[in-house]
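Coordinate analysis (summary)
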Amino acid sequence: MGEYCLEMIGITKQFPGVLALDNARLELRPGEVHCLLGENGAGKSTMMKILAGAQPMDTGEIRLDGEAVHIQSPYHAQQLGISMIYQEFNLSPYLSVAENIFLGREPRIGRTPFVDWRRMRQDAREVLAQIRADIDVTRPVNELSVAQQQMVEVAKALSVNAKIIVMDEPSATLTDHELTALFDLIKTLRRQNIGIIYISHRLEEIFQIGSRVTVMRDGQHVDTRNVCDLTREDIIRMMVGRELTEEYPKEYFALGRERLRLDGLSRKGAFEDVSFALHEGEIVGLTGLVGAGRTEVARAIFGADKKTSGSILLDNDSIEVRSPRDAIRQGIGLLTEDRKGQGLVLGMTVRENTTLANLSSLLKGPFIDRKKERAAAERFVQDLHIKTPSIEQVAQNLSGGNQQKVVLAKWLFTQSKVLIFDEPTRGIDVGAKAEIFKLMNELVREGVAILMISSELPEVLGMCDRILVMHEGRLAGELSGKEATQEAIMRLATGAANAA
Ligand SMILES: Nc1ncnc2c1ncn2[C@@H]1O[C@H](COP(=O)(O)OP(=O)(O)OP(=O)(O)O)[C@@H](O)[C@H]1O
Ligand SMILES: [Mg+2]
């Protein structure tokens, strides 16, 4: 047997107007964590969809343990020992954990068509025990945390005896704590000699768990190297194709008048007595562990959830925000973390998505000024480097990171006074992140007040003037962006500051 459990050679894939893969390649060793890196739209997910039988390739060859295979379908890939954990999970929300793990392969009672529930639950418990996941197998999947759902995905992969597991941005929705659990899990899988392909835009993770990296750019193979021979700067240079001068291009502006104030805002069961102000010229970070109530505060400001008490003031006037539509009309925008659910209409084009939230600004008499609309969309595609063959591409066909940029464009186009960014750079490559931060600077310069919710402490520290930290539904403290440290934030976020 050769050195590699998987070889993908000379893979090419053309979509209408886009050469997604151009003679790309990848070799995987058993027991290694192979990180697949590249900018948004570089072709990473497409490469993995081909491997998982979800998409056919135009030309190229795939070998497993040295033997050429023709992968016909996702089911076939699974039989060959290839499991894929998608960027968006593939679980059935209302089915139990056990049902999800054995979906389509349920054990039967003897030769009857009846499902052997007892055995299925027992088998499910066993695979979960292999990865030391303590999850009740009878619970419906939609009651689980994202991390637990991920464990179910991995258990599913193990239960079909996967030799190769692909994880496409598995960490994008995890907290630090959950990430540690995922990394432990990956170590367990490595010991079982499973080859893992790991896609992530968080470069620090590469150094924590990666064995080797392959970098792709514009559908092509750039290089494959051992992680231990590389620095963060090396990786960025390989990805972006040039030196990135600054990851966090923070600019400071004079504080202007107060734009938004929360006064004792509460929502029963979610958060309590939250008070703070946002001024013109500043970016305020709102951070804390996942579940601390940050997103809930944002949703209440935006009118997506009802507050139970307290008040919201916009430009010193008390306002009632009854619905998101109401919020947008008054000048408050919320860029959500869940682009599929709330941010984008996947069946609409880049142009339509961009202008959707502010069509009234495009009216010429009773009609929409199409020329103006196209110009606006074109400008955002350029400014945000959205990788798309044209503004008429449907959002669904864009890569994950580029979809996120379209959500951003949509909110920029609303010309809000207050913008709330909830995990704005999730799934965005390092180069594009820096571009988004520059754009935030522009907005702040023009008088927009920004509230930035993020779990990525380096970006909070790098871009915020002030940092508010939440713990269990309450504000635990405030730090100045210049003086704060990760440790100080974590102390507040975990409640350790109060105990001390
Ligand atoms: N079904 C499709 N139809 C048309 N174009 C597509 C389709 N799927 C992907 N593409 C295009 O192929 C290119 C590669 O996309 P892919 O999703 O593989 O990128 P990626 O490296 O995974 O990026 P990201 O980091 O943003 O997830 C992109 O330009 C994308 O728009
Ligand atoms: Mg992708």
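Residues numbered from 1 in each chain as written. Chains lettered and ligands numbered in written order. Predicted model: local features only at pLDDT ≥ 70, side-chain atom pairs only at ≥ 80, totals over all residues.

Let's shift gears to the overall build of the chain. Helix and strand counts for the chain stand at 18 helices and 22 strands. Against the globule reference of 23 Å for 500 residues, the chain gives a C-alpha radius of gyration of 24 Å, in line with a compact fold. The C-alpha extent of the chain, read off along each of the three principal axes, is 70 × 50 × 50 Å. The burial tally for the chain puts 46% of its 500 residues in the buried class. Relative to all contacts within the chain whose residues are 6 or more apart in sequence, the contacts with residues 24 or more apart total 68%. (Helix = DSSP H or I, 4+ residues; strand = E, 2+ residues; numbered from the N terminus. Rg over C-alpha atoms; globule rule 2.2 N^0.38 Å. Buried ≥ 20, exposed ≤ 12 C-beta atoms within 10 Å, placed from the backbone. Contact = placed C-beta atoms within 7 Å.)

Looking now at the nonpolar core. Among the nonpolar cores identified, the biggest contains 143 residues, and Ile-165, Val-166, Ile-420 and Ile-450 are the most heavily contacted of them. Excluding anything up to four places from it in sequence, Ile-420 contacts Ala-298, Ile-301, Phe-302, Gly-333, Leu-334, Leu-335 and Leu-451. (Core = buried A, V, L, I, M, F, W, Y, C linked by C-beta atoms within 7 Å.)

Bringing the pairing of strand S11 (residues 258-267) into the picture now. Along any regular strand, the residues point their side chains to alternate faces of the sheet. Two strands pair when backbone bridges link them, and S11 and strand S12 (residues 271-279) are joined in this way by six bridges, in the antiparallel orientation. Paired with Leu-260 across the strands is Leu-278, a residue of S12. Linkage of S11 to S12, two consecutive antiparallel strands, is achieved through a turn of three residues, within which Gly-269 is found at a positive phi near 85 degrees. (Pairing = 2+ DSSP bridges.)

All right, on to the site of ligand 1 then. Residues in close proximity to ligand 1 total 18 residues, the closest being Asn-40, Ser-45, Thr-46, Ser-399 and Gly-401. Counting residues per element, the ones that place at least two in the shell around ligand 1 are strand S2 (18-28), helix H1 (44-51) and helix H14 (400-413). The class makeup of the residues in the shell around ligand 1 is five nonpolar, 11 polar and two charged. Two domains each donate at least three residues to the shell around ligand 1, and these are domain 1 (6-240) and domain 2 (258-499). (Near = placed C-beta within 6 Å. Nonpolar A, V, L, I, M, F, W, Y, C, P; charged D, E, K, R; others polar. Domains from an automatic or database assignment.)

Our focus in this paragraph is the environment of Gln-79. Note on placement: Gln-79 falls in helix H2 (residues 74-79). Sequence-wise, Gln-79 and Val-160 are 81 residues apart; in three dimensions their C-alpha atoms are separated by 7.5 Å.

What follows deals with the packing of helix H5 (residues 146-159) against helix H6 (residues 176-191). Close contact between H5 and H6 brings their axes to 10 Å; oriented N to C, the two are set at 15 degrees. Taken together, H5 and H6 sit at an angle that is classed as roughly parallel. Between H5 and H6 the crossing geometry is right-handed. Contacts from Ala-147, Gln-150, Met-151 and Val-154 of H5 reach H6 at Glu-178, Ala-181, Leu-182 and Leu-185. In terms of residue class, the contact of H5 with H6 is made up of six nonpolar, one polar and one charged. (Axes fitted to C-alpha atoms, helices over the stretch in contact; angles between N-to-C directions. Parallel < 35°, antiparallel > 145°, perpendicular 65-115°, else oblique. Left-handed = near helix turned anticlockwise from the far one by under 90°.)

The strand order across the open sheet built from six strands is S6-S7-S8-S3-S9-S10, with neighbouring strands paired in mixed fashion. Of all strands in the sheet, those with a lone pairing partner are strand S6 (82-85) and strand S10 (220-226), marking the two edges. Taken over all neighbouring pairs, the strand axes of this sheet differ in orientation by 20 degrees on average, direction set aside. Where strand S9 (residues 212-217) meets S10, six bridges bridge the pair, whose relative direction is antiparallel. Opposite Val-215, over in S10, you have Asp-223 as the bridge partner. Contacts from H5 reach S6 and strand S7 (164-168), with the element oriented near 170 degrees to S6. Each of strand S3 (33-38), S9 and S10 is contacted by helix H8 (residues 232-240), which is oriented at about 30 degrees to S9, the strand it contacts most.

Neither face of strand S16 (residues 332-335) is left uncovered, since the one carrying Ile-332 and Leu-334 and the one carrying Gly-333 and Leu-335 both have all their residues buried. Bridge count for S16 against strand S19 (residues 418-422) is four bridges, and the pairing is parallel. The residue of S19 that forms the bridge with Gly-333 is Leu-419.

Examined at the domain level, the chain breaks down into domain 1 (6-240) and domain 2 (258-499). Spacing between the C-alpha centres of domain 1 and domain 2 amounts to 30 Å. Between domain 1 and domain 2, the residue contacts involve 17 residues of the former and 18 residues of the latter. With three residues, the top contributor of residues to the side of domain 1 that touches domain 2 is H8. Residues belonging to the side of domain 1 that touches domain 2 are distributed by class as follows: seven nonpolar, seven polar and three charged.

Our next topic: H1. Counting buried positions over the eight residues of H1 gives eight, a clear majority of the element. Considered for burial, the residues of H1 that qualify are Lys-44, Ser-45, Thr-46, Met-47, Met-48, Lys-49, Ile-50 and Leu-51. Of the residues flanking the end of H1, it is Gly-53, one or two places downstream, whose phi is positive at about 75 degrees.

On to the sheet that holds strand S1 (residues 6-15). The four strands are arranged S2-S1-S4-S5 in an open sheet whose pairing can be described as antiparallel. Lying at the two open borders of the sheet, with one neighbouring strand each, are S2 and strand S5 (67-69). Across this sheet, the average inter-strand angle for adjacent strands is 30 degrees, counted without regard to direction. Relative to strand S4 (residues 59-64), S1 runs antiparallel, the two sharing five bridges. The partner of Ile-9 across the bridge, within S4, is Glu-61.

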